[in-house]
Amino acid sequence: MEVLNILKDKFLFFDGAMGTMLQKSGLKTGEIPDTYNITHPNIVEKIHTEYIDAGANIITTNTFGANRLKLKNTKYSVAEIITSGVKIAKKAVAYQNDLFVALDISSIGNLLAPIGTLSFEEAYDIFSEQVIAGSNAGADIILIETMTDIYEAKAAILAAKENSNLPVFCTMTFEANGRTLTGTDPITMVQILESLGVDALGVNCSLGPKELLPIVFDILSYASVPVIVQPNAGLPELINGQISFNVLPKEFSENIKIMAEKGVSIFGGCCGTNPDYISASIEALKSLHPTVKTANKLTTVCSARNTVIMDNKITVIGERLNPTGKKKLKEALVNNDLAYVIQEALKQKEANADVIDVNVGIPIIDEKEVMISVVKEVQGTVGIPLQIDSSNPEVLEAAVRICNGKPIINSVNGKLEVMKSVFPIVKKYGTSVIGLTLDENGIPKSAVERAKIADKIIQTAKTYGIDEENIIIDTLVLTASAEQSEVLETIKAISIIKNKYKVKTSLGVSNVSFGLPERELLNRTFFTMALTVGLDAAIINPLSKDMMDTIHAFNVLSNKDLESRTFVQIYGNKSSESKITEQKTKDLKELIISGLKEDAAKITESLLHNMSSLEIVDNYFIPALDEVGRKYETGEFFLPQLMKAAESVKSSFEIIKNYMIKSGETEISKGRIIIATVEGDIHDIGKNIVKILLENYGFEVIDLGKDVPVMEVVNKVKEYNVSLVALSALMTTTVANMEKTIKALRENNLNCTVMVGGAVMTQEYADNIGADFYGKDAMDTVKFAQKFFNVD
């Protein structure tokens, strides 16, 4: 790959901010920067040339927001904007060696379901349109940047790889807490992006270079592909009505040098940077050479927020989402009762399962359709990694494609036809895979023969580019009641495989006791035998106290539970019962916290027979939301859980509203608030999150939408006689319009309080533009509203 070959000898440098430069060149507030490719191509080319003169190797096209949703109110198509953007960049780099053009693709601007309304498939289509246009126009690289949602990043990467042959780079943006907006940490980002086959990955935007250092070091600890860092020039400040950033080129480049010494090899700049930052960084690294990265190979399985590292631990794979022998689960799948399915998944999570196996294989349903529905619902609510379990390759691919994370496929085996159908899916989506030691001749009796099939699986996988670290061998448990002499062969086969290969091993333990009394006794004894020879993972019922006790005891005795911390935590208080029991029925508060909106709605309806609407809101809704808010603020919950809880309250509120209409009760309103994204800003993700939470807490919210003219806000405040206004802005260029809106409200003598928020906002910004309150996040805004309206 030509662009990456350069890294053998020297660092690669992207350019810096385009928006910052366009503003200096006359871009007006509210104008869409991408349209300059057609209306002012000479300005765009001049900016590219300035970055080339500063030493940049890779020029990024002016197409950051060139998707069909953001361009819908312009007279230009996606293809027109992107084609012109690529051509301008190609013209700027013409006749110069080792210069490349990167097609710039960023976030769509709408959150994907279940947090938002945009489906994964719709996101894929939007990104595909951009990729096809850029590839046809002659881009050299696809740069997917400023991603806050790993699920959206996955849709973009698949679109890039399926619709072009270009190298794919992907960077995400992180909050000060070390996670993305939707809760992904650096290791999870690395595992998922690498599994999808990106050629380089890293971080952009987010923070200043110094503040990014801990995040960058985490990324370097796990990445085996080149790492990219494109920081902001610090934080924005409003000085004399002008936006500036507080990190100058010298300080910026000093931190770039620290990153280069640690192993980062591709650099650039984001918000607030200009050619001076690029030239200063190049100068700072002139005596250095890129560090050759040593691949850090781990066996992992990931959700969107969590990575389970299967090295030096016993991984528990919950087996209860399998309809075999489970009448209630079968009925739930047939009747599309996803609430029951989610409850079963949650029970396993609460019992400390690391991974949940998902199997929906019963003859009387459409397995593919049901599998997709179950995966979407479970991953949106439960938040731990999934194992996709099916014998149908079409079902496997459909499920892993929409799975938000890096799942395990269960399974492949030694049959050539099965390997031909499953391994391409494993490679394309970067999953881990369980390999069963059986082939066309069935399950061998001896351990040696099973190990030979394992070898065939491993060697065949390598021909597809699948590393041993992504393979988990299952040596197959036979029933002691029917094949007693072969039970120990399973244990022996584990030992042979662990001594010869780098793969992990797993077993479906409970098969051993089928048809015999005291099954739990046989299961845990056999399980212990397997653990002593190196078993890495077990597909078991995590609600079985015997099995989980065995794991905790083994971890102490095998020096895996250092200082016996987990063991003491669980068993130190003899008076407390183990949580690994069948769970009690949850009340409304717990259902809301768990995000179970269907169940929450049903309980709400039943409570209305004995309680008033206000009592339900005050005794259940508000305490549940407060608890979710607390968990969100302490980092235990992230945006997906916050929004799932909010959706649960919303569905229950609908039940209450309908009841109040029928019974003639007065609607609940704890205060009226106007909310709007200011003029010139077409982003409304943050605003919509705040709106939902305010409504959940009982406030009446009048949503004026996005790109709202100054005088419309003024007129609506007059019309509705509102005393609290919430304004949002994502772009630095639109902060000025936030200030104009606040001034207009004051000049019209409207007695209202203004709270502000958004990605670019800071307390200093808020003070400078005359706001009354700055909300650092949605929960902060809710708390201020409660205080303002004297709501307990």
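Everything numeric in this text was worked out from a predicted model, so none of it was measured.

### Brief notes about the overall build of the protein chain
So, step 1. Helix and strand content of the protein chain: 30 helices and 25 strands.
So, step 2. Counting all 792 residues of the protein chain, 59% fall into the buried class.
So, step 3. Put simply, 75% of the contacts in the protein chain that link residues at least 6 apart link residues at least 24 apart.
So, step 4. Taken as a whole, the protein chain presents about 32100 Å² of accessible surface, with 50% of it coming from carbon and sulfur.
So, step 5. In the protein chain, the 80 positive side-chain charges and the 100 negative ones have mean positions that sit 3 Å from each other.

### Section: the environment of Ile 187
So, step 1. Residue placement: Ile 187 occurs in helix H8 (residues 186-195).
So, step 2. Judged by relative accessible area, Ile 187 falls into the buried class, the value being 12%.
So, step 3. In this structure the C-alpha to C-alpha distance between Ile 187 and Ser 303, which are 116 residues apart in sequence, comes to 11 Å.
So, step 4. In contact with Ile 187, not counting residues within four places along its chain, are Tyr 222, Thr 307 and Ile 309.

### Concerning unusual backbone geometry
So, step 1. In this structure, Pro 114 follows Ala 113 across a cis peptide bond, with omega equal to 10 degrees.
So, step 2. Cis geometry marks the peptide bond from Asn 410 to Ser 411, where omega comes out at 20 degrees.
So, step 3. Relative to the helices and strands, Ser 411 resides in strand E16 (residues 408-413).
So, step 4. Phi is positive for Thr 146, close to 55 degrees, though the residue is something other than glycine.
So, step 5. Checked against the element boundaries, Thr 146 lands in strand E4 (residues 141-147).
So, step 6. Here the phi dihedral of Asn 721 falls at roughly 50 degrees; this positive angle occurs in a residue that is not glycine.

### Observations concerning helix H7 (residues 150-163)
So, step 1. Between the first and last C-alpha of H7 there are 20 Å, a value that for 14 residues agrees with the 20 Å anticipated at 1.5 Å per step.
So, step 2. Most of H7 is tucked away: 11 of the 14 residues are buried.
So, step 3. Within H7, the full set of buried residues consists of Ile 150, Tyr 151, Glu 152, Ala 153, Lys 154, Ala 155, Ala 156, Ile 157, Leu 158, Ala 159 and Ala 160.
So, step 4. By the N-cap criterion, in which a side-chain oxygen at the helix start approaches the backbone nitrogen of a residue two or three places on, H7 is capped by Asp 149, the distance to Tyr 151 being 2.9 Å.

### Digging into the environment of Ala 54
So, step 1. Considering the arrangement of structural elements, one finds Ala 54 in helix H4 (residues 41-54).
So, step 2. On the basis of relative accessible area, Ala 54 is assigned to the buried category, the value being 13%.
So, step 3. Along the backbone, Ala 54 and Asn 255 are 201 residues apart, and their C-alpha atoms lie at a distance of 18 Å.
So, step 4. Non-local contacts of Ala 54, meaning those with residues more than four positions away in its chain, are made with Pro 275, Ile 278, Ser 279 and Ile 282.

### As for the sheet that holds E4
So, step 1. Taken in spatial order, the 8 strands of this open sheet run E1-E10-E7-E6-E5-E4-E3-E2, and their pairing is parallel. Pairing within the sheet leaves two strands with one partner each, and these edge strands are strand E1 (12-13) and strand E2 (58-60).
So, step 2. Bridging between E4 and strand E5 (residues 168-172) involves 4 bridges; their strand directions are parallel. Pairing of Met 147 across the sheet is with Met 172, part of E5.

### Looking at the pattern of salt bridges
So, step 1. Tallied over the entire structure, the rule returns 40 salt bridges.
So, step 2. The partner of Arg 68 in a salt bridge is Glu 129, with the nearest N and O atoms 2.9 Å apart. Of this pair, Arg 68 sits in the loop between E2 and helix H5 (78-93) while Glu 129 sits in helix H6 (residues 120-137); the two residues are 61 residues apart in sequence, bridging distant segments of the chain.
So, step 3. One salt bridge connects Glu 283 with Lys 286, and the closest N-O pair in it is separated by 2.5 Å.
So, step 4. With relative accessibility at 63%, the residue Lys 286 sits in the exposed group.

### A few points about the packing of aromatic side chains
So, step 1. Per the counting criterion, the structure on display carries 12 aromatic pairs.
So, step 2. With a centroid separation of 5.6 Å and 45 degrees between ring planes, the pair formed by Phe 423 and Tyr 464 is classed as tilted. Pair noted here: Phe 423 is in helix H16 (residues 416-429) and Tyr 464 is in the loop between helix H17 (447-463) and strand E18 (471-474), with a separation of 41 residues, a long-range link.
So, step 3. Overall, Tyr 464 belongs to the partly exposed group, its relative accessible area being 28%.
So, step 4. An aromatic cluster is defined as three or more aromatic residues linked by ring pairs; in this entry it consists of Phe 699, Phe 773, Phe 784, Phe 788 and Phe 789.
So, step 5. Over the ring of Tyr 124 we find Arg 401, and its NZ or CZ is 4.9 Å from the ring centre.
So, step 6. Above the face of the Phe 637 ring, Lys 631 is positioned so that its terminal group lies 5.4 Å from the ring centre.

### Some words on the packing of helix H14 (residues 367-381) against helix H15 (residues 393-402)
So, step 1. For the pair H14 and H15, the least separation of the axes is 9 Å and the interaxial angle reads 25 degrees. The pairing of H14 with H15 is recorded here as roughly parallel in orientation. Of the two possible hands of crossing, H14 and H15 adopt the one that is right-handed. On the side of H14, the interface is formed by Glu 367, Lys 368, Met 371, Ile 372, Val 375, Lys 376 and Gln 379, while H15 contributes Glu 394, Val 395, Ala 398, Ala 399 and Ile 402.
So, step 2. A per-class count over the contact of H14 with H15 returns 7 nonpolar, 1 polar and 4 charged.

### Describing the nonpolar core
Among soluble globular proteins, nonpolar side chains are generally buried collectively.
So, step 1. Judged by nonpolar contacts, the single largest core of 172 residues is most densely connected at Phe 267 and Phe 621.
So, step 2. Sequence-distant contacts of Phe 621, defined by excluding residues within four places in its chain, comprise Leu 588, Ile 592, Thr 604, Ile 616, Val 649, Ser 652, Phe 653 and Ile 656.
So, step 3. Residues Ile 674, Val 678, Ala 744 and Cys 752 belong to the second largest nonpolar core, which totals 30 residues.

### Brief notes about the confidence of the model for the protein chain
So, step 1. In the predicted model, the protein chain carries a mean pLDDT of 93, and 97% of its residues have values of at least 70.
So, step 2. The low-confidence segment residues 575-584 (pLDDT under 50) makes 16 contacts with residues lying over four places distant or belonging to another chain.

### Some points on helix H24 (residues 613-633)
So, step 1. Between the first and last C-alpha of H24 there are 28 Å, a value that for 21 residues agrees with the 30 Å anticipated at 1.5 Å per step.
So, step 2. Along H24, the sharpest change in direction is near 30 degrees and occurs at Phe 621; proline Pro 623 comes one to four residues later.
So, step 3. Looking at H24, one finds that the buried residues are Ser 613, Ile 616, Val 617, Tyr 620, Phe 621, Ile 622, Ala 624, Leu 625, Val 628, Gly 629, Lys 631 and Tyr 632.
So, step 4. Elements that come into contact with the buried residues of H24 comprise helix H22 (588-594), helix H23 (597-607), helix H25 (639-663), helix H26 (685-696) and helix H30 (778-788).

### Regarding the side chain of Gln 191
So, step 1. Its place among the elements puts Gln 191 in helix H8.
So, step 2. Residue classification places Gln 191 among the buried positions, given a relative accessible area of 10%.
So, step 3. Setting aside residues up to four positions removed in sequence, Gln 191 forms contacts with Tyr 222, Thr 300, Cys 302, Thr 307 and Lys 406.

### As for the packing of helix H18 (residues 487-500) against helix H19 (residues 519-532)
So, step 1. Contact geometry for H18 and H19: axes closest at 9 Å, N-to-C directions at 25 degrees. Regarding the angle of H18 to H19, the classification is roughly parallel. The two elements H18 and H19 meet at a crossing, and its hand is right-handed. Where H18 approaches H19, its residues Val 487, Leu 488, Thr 490, Ile 491 and Ile 494 are matched on the opposing element by Phe 526, Met 529 and Ala 530.
So, step 2. Taken together, the residues of the contact of H18 with H19 sort by class into 7 nonpolar, 1 polar and no charged.

So, how was this worked out
Residues numbered from 1 in each chain as written. Predicted model: local features only at pLDDT ≥ 70, side-chain atom pairs only at ≥ 80, totals over all residues. Heavy atoms only, no water. Helix = DSSP H or I, 4+ residues; strand = E, 2+ residues; numbered from the N terminus. Buried < 20%, exposed > 50% of the residue type's maximum accessible area, 1.4 Å probe, protein only. Contact = heavy atoms within 4.5 Å. Areas by Shrake-Rupley, 256 points an atom, 1.4 Å probe, with all protein chains shown as cover. Lys, Arg positive; Asp, Glu negative; His and termini not counted. Charge placed at Lys NZ, Arg CZ, Asp CG, Glu CD. Expected span 1.5 Å × (residues − 1). Polar contact = N/O pair within 3.5 Å; in protein donor to acceptor, adjacent residues only side chain to side chain. Pairing = 2+ DSSP bridges. Salt bridge = Lys/Arg side-chain N within 4 Å of Asp/Glu carboxyl O. Phe/Tyr/Trp six-rings, centres within 6.5 Å; stacked < 30°, edge-to-face > 60°. Lys NZ or Arg CZ within 6 Å of the ring centre and 35° of its normal. Axes fitted to C-alpha atoms, helices over the stretch in contact; angles between N-to-C directions. Parallel < 35°, antiparallel > 145°, perpendicular 65-115°, else oblique. Left-handed = near helix turned anticlockwise from the far one by under 90°. Nonpolar A, V, L, I, M, F, W, Y, C, P; charged D, E, K, R; others polar. Core = buried A, V, L, I, M, F, W, Y, C linked by side-chain atoms within 4.5 Å. pLDDT = per-residue confidence, 0-100. Bend = angle between axes of the 7 residues up to and from the residue.

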